[in-house]
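# Chains, contacts and geometry: an overview
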Amino acid sequence: MIDAIFLPRLHLTIDEMHKKYGNIFRIRIESIDAVFISSADYMRSIFAFEGKYPKHPIPPAWLYFNQKFNVQRG
């Protein structure tokens, strides 16, 4: 589990974990189970099996940022 204290440097922590665990690993960030993938080939394979109507959850922090700064996803 990654504590909230690591969130400001999450990108650096994830990079370190990729070096330690490889292209795919799963961790818990506060109440969210997250899977991180650093391989474009793996991502293509995963997206190929999503089906016709995939669901991509949007983190609440992204929704807040978009609303606060009046920007669209994309």
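All of these numbers come straight from a predicted model, not from anything done at the bench.

Definitions and cut-offs
- Residues numbered from 1 in each chain as written.
- Predicted model: local features only at pLDDT ≥ 70, side-chain atom pairs only at ≥ 80, totals over all residues.
- Heavy atoms only, no water.
- Patch = residues over 30% accessible without salt bridge, like charges linked within 9 Å, V, L, I, M, F, W, Y side chains within 5 Å.
- Areas by Shrake-Rupley, 256 points an atom, 1.4 Å probe, with all protein chains shown as cover.
- Salt bridge = Lys/Arg side-chain N within 4 Å of Asp/Glu carboxyl O.
- Helix = DSSP H or I, 4+ residues; strand = E, 2+ residues; numbered from the N terminus.
- Buried < 20%, exposed > 50% of the residue type's maximum accessible area, 1.4 Å probe, protein only.
- Pairing = 2+ DSSP bridges.
- Phe/Tyr/Trp six-rings, centres within 6.5 Å; stacked < 30°, edge-to-face > 60°.
- Core = buried A, V, L, I, M, F, W, Y, C linked by side-chain atoms within 4.5 Å.
- Contact = heavy atoms within 4.5 Å.

Below, the discussion takes up a nonpolar patch on the surface. Judged by side-chain polarity, Ile24, Val35, Tyr42, Ile46 and Phe47 come together as a nonpolar surface patch covering roughly 450 Å² of accessible area. Looking at the nonpolar patch, the element that brings in the most residues is helix H2 (residues 40-48), giving three residues. You can see tyrosine 42 is positioned in helix H2. The class for tyrosine 42 is partly exposed, based on a relative accessible area of 38%.

Bridge count for strand E1 (residues 24-29) against strand E2 (residues 32-37) is six bridges, and the pairing is antiparallel. Bridge pairing in E2 links isoleucine 29 to isoleucine 32. If you look at the hairpin formed by E1 and E2, you'll find two residues sitting between the two strands, and glutamate 30 has a positive phi there, around 55 degrees.

This paragraph deals with the packing of aromatic side chains. Centre distance and the angle of the planes are the two values used to describe a pair of aromatic rings. Counting across every chain of the model gives three aromatic pairs. Aromatic pair tyrosine 21 and phenylalanine 25: ring centres 6.3 Å apart, planes at 45 degrees, arrangement tilted. You can call phenylalanine 25 buried: its relative accessible area is 6%. Each ring, one from phenylalanine 65 and one from phenylalanine 69, has its centre 4.7 Å from the other, and the planes form 45 degrees; the classification is tilted. These aromatic residues form a ring-pair network of at least three members: Tyr21, Phe25 and Phe36.

Let us look at the pattern of salt bridges. A complete count under the given rule lists four salt bridges for this structure. The shortest N-O distance in the salt bridge between glutamate 16 and arginine 9 comes to 3.0 Å. Owing to a relative accessible area of 43%, glutamate 16 belongs among the partly exposed residues under this scheme. You can call arginine 9 partly exposed: its relative accessible area is 32%. When the shortest N-O distance is used, the salt bridge between aspartate 15 and lysine 19 registers 3.3 Å.

One finds Ile14, Met17, Phe25, Ile27, Ile29, Ala34 and Phe36 forming the largest nonpolar core, which totals seven residues. Counting residues per element, this core draws most heavily on E1, at three residues. Apart from the residues lying within four places of it in its own chain, the contact partners of phenylalanine 36 are Ile14, His18, Asn23, Ile24, Phe25, Ile27 and Ile29.

On their own, these measurements won't tell you what the molecule is for.
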